[in-house]
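Residues per chain are reported as follows:
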Amino acid sequence: MEATEATALPDVKSLSMDELTARFNELELPSYRVTQVLEWLYRRRATGWAAMTNLPKTLRESLAGHFNFFVPALVACQGEWGGTQKFLWRLADGNLIECVLLPANPGIYGEGSDRHTLCVSTQVGCAYGCKFCASGLEGWKRNLTAGEIVEQILSIERWVASQLAPASPPAKPDRYIDNLVIMGMGEPLANFGALMKALSILNAPWGGGIGARKITISTSGLAPQIRQLAAEPAQFRLAVSLHGATDEVRDRIMPVNRKYPLRELEAACQEYVRLKGKMISLEYILIAGVNDSLSQAKPLAELARRLHAKINLIPYNRVDGLAWERPAESAQEAFLDSLLQNQALATLRREKGHDIDAACGQLRLKTERAARAGV
Ligand code: SF4
């Protein structure tokens, strides 16, 4: 059972229904109170115990003394309604995390179209230090709790409800987010326990009710945890952030490759595909002069064919303070053509604004640096 750093009390949004029931039993509360509280947490997206008006006031006060209930504060929102929007949230301990709301669009990870997709963070900062990424620039601070991962969905839905009907949000709003990509700040599989707990809550009919097939987990290539994920019963989608088709290129831009080189990563992916019977995707950020040469396209296509995987090419988004550049459109198209000629299944993300990969972590970085400089 998870307790947040702010208090020693268990975080109510880190608890499964069984765990909450057990706590309520200890408090000698009837089981229908669990149902009521879950309804308030995940359907009505309550911001505190006081909002749960069909619970007696004395009970609400008692629950506040037994559980931690935290809602992050919105620090900044970038982007236009209806387009890609990036949100910066402040946690109870003052740390900042990002999540990105993607508009309805043709499915990026094979999940079908017309979804409301949220890109979710799993850590504050990141220890993996990929050379092109803003999230890893200042290192890793801590893992998010399951409740902090779950709250990103609830907080965005509260915000959406406030935009749609500021005066009178519906008493029982429907789920707005129906698709999750776990690709925000942090290496998701390095926070395996909290992530699995959060996803079980978001997947449960009493919780988020988001289908496992509509949840894509990304990893920079943590081979042992890919095998661990393969052994999980839930049918989550897997996206491997590859960004290089040879050890030479991956070693240069992704330090994780020195620990789990391509042979080991491929073997873990093979096991995932074999146990799950699902297609995985290989994410490949195209960076000018680093990994966009056609000499990378052939081994990338061969790897994708061996894994029966789909390749998502993503033109690099600039990160302040880093020298990397996006290749010219002609170079992007030539790379795609080469993959297709080598019989790989591949797409190139041409839309603007889907800056959920390389640019992830930039808003937090800018905000923290400005705060330190007293701007
Ligand atoms: S790309 Fe992912 S794993 Fe690599 S440093 Fe950024 S957040 Fe961490």
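Whatever comes next refers back to the structure up there.
In this report, we go over the structure that sits alongside the text.

**What to know about the environment of Ala46**
Of note, Ala46 is situated in the loop between α2 (31-43) and α3 (57-66). C-beta crowding within 10 Å serves as the criterion here: with 19 such atoms nearby, Ala46 is assigned to the partly exposed category. Taking the C-alpha atoms as reference points, Ala46 and Val71, 25 residues apart in sequence, are found 9.3 Å from one another. Sequence-distant contacts of Ala46, that is, excluding residues within four places in its chain, are made with Trp40, Leu41, Ala51 and Met52.

**As for the packing of helix α10 (residues 294-307) against helix α11 (residues 329-341)**
Where α10 contacts α11, the two axes come as close as 9 Å, and the packing angle between them is 35°. Note on packing geometry: the crossing formed by α10 with α11 is right-handed. For the pair formed by α10 and α11, the contact residues are Leu294, Ala297, Leu300 and Ala301 on the first element and Ala334, Phe335, Ser338 and Leu339 on the second. Taken together, the residues of the contact of α10 with α11 break down into seven nonpolar, one polar and no charged.

**Remarks on the pairing of strand β10 (residues 281-286)**
β10 sits mainly inside the fold: six of its six residues count as buried. The two faces of β10 match: Ser281, Glu283 and Ile285 on one face and Leu282, Tyr284 and Leu286 on the other face are all buried. Pairing of strand β9 (residues 237-241) with β10 involves three bridges; the strand directions are parallel. Each bridged residue has a counterpart across the sheet, and for Val240 the counterpart in β10 is Leu282. Judged from the six bridges that link them, β10 and strand β11 (residues 310-315) form a sheet pairing that is parallel. Opposite Glu283, over in β11, you have Asn312 as the bridge partner.

**Examining α2**
Taking 1.5 Å as the rise per residue, α2 with 13 residues should run 18 Å; its terminal C-alpha atoms sit 18 Å apart, in good agreement. Listing the buried residues of α2 in full gives Val37, Leu41 and Tyr42. Considered in projection along α2, the buried side chains sweep an arc of 110° and stay on one side of the axis. Just beyond α2, the residue with positive phi is Arg45, at close to 50°.

**Considering helix α5 (residues 192-203)**
Between the first and last C-alpha of α5 there are 16 Å, a value that for 12 residues agrees with the 16 Å anticipated at 1.5 Å per step. Of the positions making up α5, those classed as buried are Ala194, Leu195, Lys197, Ala198, Leu199, Ile201, Leu202 and Asn203.

**Quick word on the nonpolar core**
In this structure, Leu118, Leu180, Ala198, Tyr284, Leu300 and Ile311 are the most contacted members of the largest nonpolar core, which totals 87 residues. Leave out the neighbours within four places in its chain, and Ala198 touches Ala146, Ile149 and Val150.

**As for unusual backbone geometry**
Even without glycine at this site, Arg45 takes up a positive phi of about 50°. Among the secondary structure elements, Arg45 is positioned in the loop between α2 and α3. If you check the backbone angles, His308 has positive phi at about 50° while not being a glycine. Among the secondary structure elements, His308 is positioned in the loop between α10 and β11. Looking at His308, the number of C-beta atoms within 10 Å reads 13, which means it is partly exposed.

**Quick notes on the sheet that holds strand β4 (residues 117-119)**
Across the sheet, 10 strands lie side by side as β1-β2-β3-β4-β7-β8-β9-β10-β11-β12; this open sheet has mixed pairing. On the outer flanks of this sheet lie β1 (73-78) and β12 (345-348), each paired with one strand and no other. Direction aside, neighbouring strands of the sheet carry axes that sit 20° apart on average. For β4 and strand β7 (residues 179-182), the ladder comprises three bridges, and the chain directions are parallel. Residue pairing for β7: Leu118 is matched across the bridge by Leu180.

Conventions used here
- Residues numbered from 1 in each chain as written.
- Predicted model: local features only at pLDDT ≥ 70, side-chain atom pairs only at ≥ 80, totals over all residues.
- Helix = DSSP H or I, 4+ residues; strand = E, 2+ residues; numbered from the N terminus.
- Buried ≥ 20, exposed ≤ 12 C-beta atoms within 10 Å, placed from the backbone.
- Contact = placed C-beta atoms within 7 Å.
- Axes fitted to C-alpha atoms, helices over the stretch in contact; angles between N-to-C directions.
- Left-handed = near helix turned anticlockwise from the far one by under 90°.
- Nonpolar A, V, L, I, M, F, W, Y, C, P; charged D, E, K, R; others polar.
- Pairing = 2+ DSSP bridges.
- Expected span 1.5 Å × (residues − 1).
- Arc of directions from axis to C-beta.
- Core = buried A, V, L, I, M, F, W, Y, C linked by C-beta atoms within 7 Å.

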